[in-house]
Each structure stands twice: as structure tokens, then as C-alpha cells.
Amino acid sequence: MTATETAPNTERATLDKAASENFPVAPFFLPREWRDDLMAVYGFARLVDDIGDGDLAPGGADAELLGVPAAEAGDRLLLLDAFEADLRRVFDATPRHPLLRRLQPVVRRRALTPEPFLGLIAANRQDQLVTRYETYDDLLAYCELSANPVGRLVLAVTGTQTPERTRLSDAICTALQIVEHLQDVAEDLGRDRIYLPAEDMRRFHVTETDLSAKTAGASARALIAYEAQRARDLLNEGSPLVGSVHGRLKLLLAGFVAGGRAAIHAIAAAEYDVLPGPPKPGKVQLLREAGVILRGEG
């Protein structure tokens, strides 16, 4: 079967992953045109992450679609380069990959620029080259590439982007990225990646060996609690974004902030022991947090 024949299955397999994401990608209550456009953006973001994490579907269909020979399909940097080249075709030609062909009319309709998409590719390229972060500022610079572009794209697709909303969105997205890193300490270590700043690990006397344990000791829990508070502070900083918009977009953004707060609550409820697996918030906690945000109480 050729790449052209398998393209619809490849596209569907990537988009179907939206159902398992931590936060709703394009919930039912949004206008249909927003949902369709956000799903196209999601398809791009999910595929670039799958390339960076080595999680592409077996068989090499994505590599073939991007023009990468089967013998080199395991080279993530080469795949990211090919994906970037295909992204650039979105803006001036016809892309090869079906997910980028799906994205092209959205880019034109919403006047999207290449920068946020290039940022997400750069973040995944960085993941191949940098596996440890010395300082919190280093981690924030990574989040500027890996997380903040997503919020900026949501604002652009919904036609609500302003400099102040972008600043608030960046705070929320960085917080959500940090929360995800805290939930996935064990999984990331399995990929030889640590997103806890090395300077903080030294401050709390936590070693990489401590992070490979089945359960966290007191020092590791204190470190996770410290980083969770940083994420909580960023969510609080960005939460005025919710009150700056109206209607169904307000519900969507409230859901993002509530999801982050509920995840931090779940981490705290696990006494900051994230090593056995990611603490996940329940629906009741999520709805409670959303209600607080929408009432303007937090």
C-alpha cells in the first residue's frame, strides 16, 4: 500500500488522539467552524510531538508522506526537518502530508503566521538535543517554544488575539506545560528527559536516582510541591484572560485554567508523589474549579 493510499488512515489515527488529551481540544460547545479549525491545528501539534517522541504509527507512512526514505525513518531530526519543509509549503505551495493539507485553508482563512508552528517544531528539535535544564529560566524558554504557541493559535483562530491576551495566555500555557511535566516525571525519565530544573534538584537534594524510584521520598515530594506552586502562580497570573473574553470562548479558556488547577490539586492529593504514575483530577474537581473561575472568584 502506498503512502497516498494510507494517508486517510494516518490522518485519522493522529486526530483520534485528541480524545485522550489532558485538556479538551475542540469541545462540542464551540462553533463548528472553530472546532474544525482547532482540530486542524491539533493535528499539526500532535504529529510534530509524535515525531519528536518517536511515537509515529508503525509502518513508516508518515515518513513516506514527508519524502523521507524508509531507511531513515527512525531519524527524528531528519523527520522534523522534512516536516518543517512541508509546513513551509502550507504558506506558499501544496504540502505533502494530509494533516498539513487540512491546515492550509485554516492558515489562509485565519491569517495565521508561520511563527507558532515553527516554535512547536523547534521545541521538538530541542528535545532531541537537550535532555536536562539547568535553571527555571531555561525551562521557561523551552515552554515559550513547546507550549505558548498553542495558546496563541487558539486566540488567532478565534480572532481574539491582543498583546495583553497573548501575555496572559503565555502564562497559562507555560503553567499547563509545567503541570504536565510534573505528572510525567517517571515517563519523561524513561525517555532520558528531566524537566525539573537542575538547580532546584540540588536545592532540594534530589538526584536522578531518586526520580527513578517507585515512590518519591520526602525531598522529591518537596521539590514537586515547589514546582507545583510555581505553576499555580502562573495560572493565577494568566486567569484574567478568561474574564477578557465572552461566550463559548470563555468556557473553553475557563476549562484550560480549571484543568491546570484540578491537576495541581490531584498532585497535592497524592502528597506530591508523582513517581508511581500521573495523578489525574476527577471530573468533580474539574467542574468545581471551572465554576470558581467562571464566577470570577479565582
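For every chain, the first residue of the written sequence is number 1, and numbering continues from 1 along that sequence. Only residues with pLDDT of 70 or above have their local features reported here, since the model is predicted, and side-chain atom pairs are shown and tallied only from 80 upward, although totals for entire chains, interfaces and linings are computed over all residues. Heavy atoms from the whole structure form the basis of all side-chain values; hydrogens and water molecules are not counted.

1. So, the environment of asparagine 124
- Here a strand is any run of E in DSSP of at least two residues, a helix any run of H or I of at least four, and the numbering for each starts at the N terminus. Summarising the element assignment, asparagine 124 is placed in helix H6 (residues 115-129).
- Judged by its relative accessible area of 3%, asparagine 124 falls in the buried class.
- As for asparagine 124 and leucine 145, which are separated by 21 residues in sequence, their C-alpha atoms are 8.8 Å apart.
- Whether two residues touch is decided by their heavy atoms; if any such pair falls within 4.5 Å, the residues are in contact. Not counting residues within four places of it along the chain, the set of residues in contact with asparagine 124 comprises Val48, Asp49, Gly52 and Leu80. Whether a residue is buried, partly exposed or exposed follows from its accessible area with a 1.4 Å probe, protein chains only, as a fraction of its type maximum: under 20%, in between, or over 50%, in that order.

2. Digging into the pattern of salt bridges
- Salt-bridge detection follows one rule: a side-chain nitrogen of Lys or Arg within 4 Å of a carboxyl oxygen of Asp or Glu. Tallied over the entire structure, the rule returns 23 salt bridges.
- With a shortest N-O distance of 2.6 Å, aspartate 37 and arginine 109 are connected by a salt bridge. One end of the pair, aspartate 37, is in helix H2 (residues 32-53); the other, arginine 109, is in helix H5 (residues 98-110), with 72 residues separating them in the sequence.
- Glutamate 271 is the partner of arginine 221 in a salt bridge, and the nearest nitrogen-oxygen pair spans 3.5 Å. Of this pair, arginine 221 sits in helix H13 (residues 218-238) while glutamate 271 sits in the loop between helix H15 (247-269) and helix H16 (283-294); the two residues are 50 residues apart in sequence, bridging distant segments of the chain.
- By relative accessible area, which is 53% here, glutamate 271 ends up exposed.
- It is possible to trace a salt-bridge network through shared partners that takes in Asp81, Glu84, Arg88 and Arg125.

3. Some words on the nonpolar core
- Nine residue types can take part in a nonpolar core, namely buried Ala, Val, Leu, Ile, Met, Phe, Trp, Tyr and Cys, and a core is a set of them joined through side-chain atoms within 4.5 Å. Grouped together as the largest cluster of nonpolar side chains are 79 residues, with contacts concentrated most on Phe44, Phe83, Leu103, Leu112, Phe117 and Leu196.
- Non-local contacts of leucine 112, meaning those with residues more than four positions away in its chain, are made with Phe91, Val106, Val107, Phe117, Leu153, Ala156 and Val157.

4. Concerning the state of the cysteines
- Sulfur atoms of two cysteines make up a disulfide when they are within 2.5 Å. Taken as a whole and assessed by the stated rule, the structure comprises 0 disulfides.
- Lacking any disulfide linkage, cysteine 143 is separated from the closest cysteine sulfur, that of cysteine 173, by 9.8 Å.
- Assessed through its relative accessible area of 0%, cysteine 143 is described here as buried.
- On the accessibility criterion, cysteine 173 (11% relative accessible area) is buried.

5. Remarks on the packing of aromatic side chains
- A pair of Phe, Tyr and Trp rings is counted when the ring centres sit within 6.5 Å of each other, with Trp represented by its six-membered ring. The angle between the planes then sorts it: under 30 degrees is stacked, over 60 is edge-to-face, the rest tilted. As enumerated under the stated definition, the model contains 8 aromatic pairs in all.
- Taken together, a centroid distance of 5.4 Å and an interplanar angle of 45 degrees make the contact between tyrosine 133 and tyrosine 142 tilted. Each of the two residues, tyrosine 133 as well as tyrosine 142, counts as buried.
- Linked through ring pairs, Phe44, Phe83, Phe91 and Phe117 together constitute an aromatic cluster.
- Whether a charge sits over a ring depends on NZ of Lys or CZ of Arg being within 6 Å of the ring centre and within 35 degrees of the ring normal. Taking NZ or CZ as reference, arginine 203 lies 4.7 Å from the ring centre of tyrosine 226, over its face.
- Looking at arginine 230, its charged tip hangs above the ring of tyrosine 136, at a distance of 3.7 Å from the centre.

6. Description of unusual backbone geometry
- The phi torsion at aspartate 192 lies on the positive side, around 60 degrees, for a residue other than glycine.
- On the secondary structure map, aspartate 192 appears in the loop between helix H10 (185-190) and helix H11 (198-203).
- Under the relative-accessibility criterion, aspartate 192 is labelled partly exposed at 42%.
- Despite not being glycine, histidine 205 has its phi angle at roughly 60 degrees, a positive value.
- For histidine 205, a relative accessible area of 64% corresponds to the exposed category.

7. Brief notes about helix H7 (residues 136-146)
- When H7 is considered as a whole, its buried residues turn out to be Tyr136, Leu139, Tyr142, Cys143 and Ser146. Along the axis of H7, the buried positions cluster into a sector of 115 degrees, meaning they face one direction only.
- Here the buried face of H7 lies against H6, helix H8 (148-157), helix H9 (163-183), H11 and H13. What the arc covers is the set of directions going from the helix axis to the C-beta atoms.

8. Let's talk about the environment of arginine 76
- By the secondary structure assignment, arginine 76 is in helix H4 (residues 76-92).
- When the C-alpha positions of arginine 76 and asparagine 124 are compared, they lie 9.1 Å apart, and in sequence the two are 48 residues distant.
- For arginine 76, the contacting residues outside a window of four places in its chain are Ile51, Gly52, Asp53, Gly54, Gln128 and Arg193.

Structural measurements only, silent on function.
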